[in-house]
Amino acid sequence: MIKKNRPPKIFISLFNFVLIGMIAIFSTTALLVTSPLNLSSKTVHDTFGNSSMNQVLMSILNSENHYFYKELSTESPSFLQLAFESLTNLQLHDTRTLLGRELPGLSIYNTEIAVAGKGTNITNLPIESGPPSEIYLKEREIADNLKQNDSPRKEKSLVTPKEKTVYIYHSHSWESYLPLIKGAKKADEAVSTDQRANVIAVGDKLEEELNNKGIGVEHSTEKIADYNTAYSLSREKVQEAMASNKDLKILIDIHRDSQPRRITTTTIKGTDYARLFFIVGKEHKNFEKNLEYAKEINKKIEEKYPGLSRGVFIKGKSEGNGIYNQDIADRALLIEFGGVENNLTELSNSVKAFSESFSDIYWKAEEVNG
């Protein structure tokens, strides 16, 4: 009697496993897309993170219900690509997933680009300044052109609205700019406790511009020198300010980047500007609202001053603080004006451009609410 050739048991088991797995996946997909829980792409992303498995699930959901994930590209990746990326956790279009665990320091490039400005890519992402050296935190001589201000805050003839709705502060108040410090040459020397030469001066200029546009500003010039507790200390000041003034609605934390001039400077219609960008922390419940607000202002800036913004970036705890006090309000911004090599004129031009765009959105919102 001739025996029939039967496939090995291991192939039968593998076939059964794949079949059961497919049934489970499509059953789960059917439940998700018809669920009364009002699931969205944001929900899935928050659950699974920015992983290959997330992309696989998104593609499956999109194939069943195209409305579920409208943002998904019409050119879906191949099944082979999805299978490879889900099994290896490597993304073929992103070398960071291949080298991120192998090269020390590459993890700083994990910052997510929510909106890319002109020329922005993973090679020129923002670089947060490190802990300031005690040597440079000591009193240092500022540039001669700043000495004409007899006091840290020169008196200006401003329009001063009674209702103050914007709170400007500086978690890294020591961050400064090389052209504002006499004899400073290296990036780590861009540190100063003199508020005529650090980011507080940028805050002063923004306060002036917004006040002149009828937007009331409360500006904290509090100096913070402890790098490790900077956001905790500034958080206390923000909460105190909001408790004493119920009109405060918008928070702006002003910083500066550590990238060189070639990255942080642009020329628009013959005028030089210090480029700016937004950082949004994602480790809190207000993340989505703050992100949309930053995107809205960024879009308006690009309409008025194309190329001024380097974009909107998202950071978690592995890339930075992850919260940046943005859980306190629905409209909380962290804005970086320029880099270590930008001068006062470029910074002033950037502040004026930002205040125009900010004012447009602010008054539009007031009209709607009013």
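One pass over the full model with this rule turns up 9 aromatic pairs. Consider the rings of Phe277 and Phe313, whose centres lie 5.4 Å apart with planes at 85°: the pair is edge-to-face. Of the two residues, Phe277 sits in strand E7 (residues 276–281) while Phe313 sits in strand E8 (residues 309–315), which places them 36 residues apart along the sequence. Of the residues examined, Phe277 reaches a relative accessible area of 0% and is grouped as buried. Owing to a relative accessible area of 0%, Phe313 belongs among the buried residues under this scheme. In this structure an aromatic cluster arises from ring pairing among Phe337, Phe354, Phe358, Tyr362 and Trp363.

With that out of the way, let us pick up the packing of helix H7 (residues 199–212) against helix H11 (residues 344–369). Here H7 crosses H11 at 40°, and the two axes come no closer than 9 Å. Comparing their axes, H11 and H7 come out oblique. Crossing of H7 over H11 shows right-handed handedness. From H7, Val202, Lys205, Leu206, Glu209 and Leu210 reach across to H11, where they touch Leu347, Ser348, Val351, Lys352, Phe354, Ser355 and Phe358. Looking at the contact of H7 with H11 residue by residue, the classes come out as 7 nonpolar, 2 polar and 3 charged.

A few words now on helix H10 (residues 287–304). Along its 18 residues, H10 runs 26 Å from first to last C-alpha, staying within 8% of the 26 Å computed at 1.5 Å per residue. The complete set of buried residues in H10 reads Phe287, Asn290, Leu291, Tyr293, Ala294, Ile297, Asn298 and Ile301. One side of H10 holds all its buried residues, which, seen down the axis, span an arc of 165°. When the buried face of H10 is taken as reference, the exposed residues oriented beyond 90 degrees from it are Lys289 and Lys299.

Further remarks concern the sheet that holds strand E9 (residues 331–337). Taking strand neighbours across the sheet as the criterion, the 7 strands line up as E1-E8-E7-E9-E4-E2-E3 in an open arrangement whose pairing is mixed. Among the strands making up the open sheet, the edge pair consists of strand E1 (112–116) and strand E3 (216–219). Across this sheet, the average inter-strand angle for adjacent strands is 25°, counted without regard to direction. As paired elements, E7 and E8 share 6 bridges and run parallel to each other. Its bridge partner being in E8, Phe277 is matched across the sheet by Gly311. Across the sheet, H7 lies against strand E2 (164–169), E3, strand E4 (250–255) and E9, angled at about 160° from E3, the strand it touches most. Docked against the sheet, H11 engages E2, E4, E7 and E9, running at close to 160° with respect to E9.

Membership of the largest hydrophobic core comes to 42 residues, with the highest contact counts inside it found for Val166, Ile252, Phe278, Ile297, Phe337, Phe354 and Phe358. Residue contributions to this core peak at 7 residues, all from H11. Look past the residues within four positions of Phe354 in its chain and what remains in contact with it is Leu206, Leu276, Phe278, Ile297, Ile301, Ile335 and Phe337. Formed by 9 residues, the second largest nonpolar core is a distinct cluster that contains Tyr167, Val238, Met242 and Ala332.

Examined against the element boundaries, Asp253 turns out to sit in strand E4. Buried within the structure, Asp253 lacks any salt-bridge partner; its nearest side chain of opposite charge belongs to Arg235, at an N-O separation of 10 Å. Ignoring anything within four residues of it in the chain, the contact list for Asp253 reads Tyr169, His170, Ser171, Tyr231, Leu333, Leu334 and Ile335.

This brings us to the pairing of E4. Counting buried positions along E4 gives 6 out of 6 residues, so the element sits mostly inside the fold. Judged by which residues are buried, E4 turns out to be covered on both faces: Ile250, Ile252 and Ile254 on one side and Leu251, Asp253 and His255 on the other are all buried. Judged from the 4 bridges that link them, E2 and E4 form a sheet pairing that is parallel. Residue pairing across strands places Val166 opposite Ile250, the latter belonging to E4.

Once that is clear, we can look at the packing of H10 against H11. Where H10 contacts H11, the axes come no closer than 9 Å and their chain directions differ by 120°. When the axes of H10 and H11 are compared, the pair comes out oblique. Note that H10 runs across H11; the crossing there is right-handed. Where H10 approaches H11, its residues Tyr293, Glu296, Ile297, Lys300, Ile301 and Lys304 are matched on the opposing element by Phe354, Glu356, Ser357, Phe358, Asp360 and Ile361.

Here we take up unusual backbone geometry. In this structure, Lys269 takes a positive phi of about 55° despite not being glycine. Mapped onto the fold, Lys269 is located in the loop between strand E5 (265–268) and strand E6 (271–274). A positive phi angle, close to 65°, is found at Asn325, a residue other than glycine. Position of Asn325 among the secondary structure elements: in the loop between E8 and E9. Overall, the relative accessible area of 3% leaves Asn325 in the buried class.

Criteria and thresholds
- Every chain's residues receive numbers from 1 upward, in the order its sequence appears when written.
- Two thresholds apply to this predicted model, a pLDDT of at least 70 for residue-level local features and 80 or more for giving and counting side-chain atom pairs, whereas whole-chain, interface and lining totals are computed over all residues.
- Side-chain measures were taken over the full set of non-hydrogen atoms in the model, leaving aside hydrogen atoms and water.
- Each aromatic pair joins two rings of Phe, Tyr and Trp (for Trp, the six-membered one) with centres within 6.5 Å, and gets the label stacked for planes under 30 degrees apart, edge-to-face for over 60, and tilted for any other angle.
- Helical segments are the DSSP runs of H or I of at least four residues, strand segments are the runs of E of at least two, and each set is numbered from the N terminus.
- Each residue gets one of three labels from its accessible area relative to the maximum for its type: buried under 20%, exposed over 50%, partly exposed in between, using a 1.4 Å probe on protein chains only.
- Where helices are involved, their axes are fitted lines through C-alpha atoms of the stretch in contact, as for all axes, and angles between N-to-C directions lie from 0 to 180°.
- For this classification, under 35 degrees means roughly parallel, over 145 means roughly antiparallel, 65 to 115 means roughly perpendicular, and everything else is oblique.
- Handedness of a crossing is defined here by the sense of rotation of the near helix relative to the far one, left-handed for an anticlockwise turn of less than a right angle and right-handed for a clockwise turn.
- Note on definitions: a residue-residue contact is assigned when non-hydrogen atoms from the two residues lie within 4.5 Å.
- When residue character is reported, Ala, Val, Leu, Ile, Met, Phe, Trp, Tyr, Cys and Pro are called nonpolar, Asp, Glu, Lys and Arg charged, and the others, Gly included, polar.
- Any helix carries an expected span of 1.5 Å times its number of residues minus one.
- As used here, the arc belongs to the directions running from the helix axis to the C-beta atoms.
- Strand pairing is assigned whenever DSSP identifies at least 2 bridges connecting the two strands.
- Joining through side-chain atoms within 4.5 Å is the link that ties buried Ala, Val, Leu, Ile, Met, Phe, Trp, Tyr and Cys residues into a set, and such a set is a nonpolar core.
- The positive count covers Lys and Arg only, the negative count covers Asp and Glu only, and His and the chain ends enter neither.
- Salt-bridge detection follows one rule: a side-chain nitrogen of Lys or Arg within 4 Å of a carboxyl oxygen of Asp or Glu.

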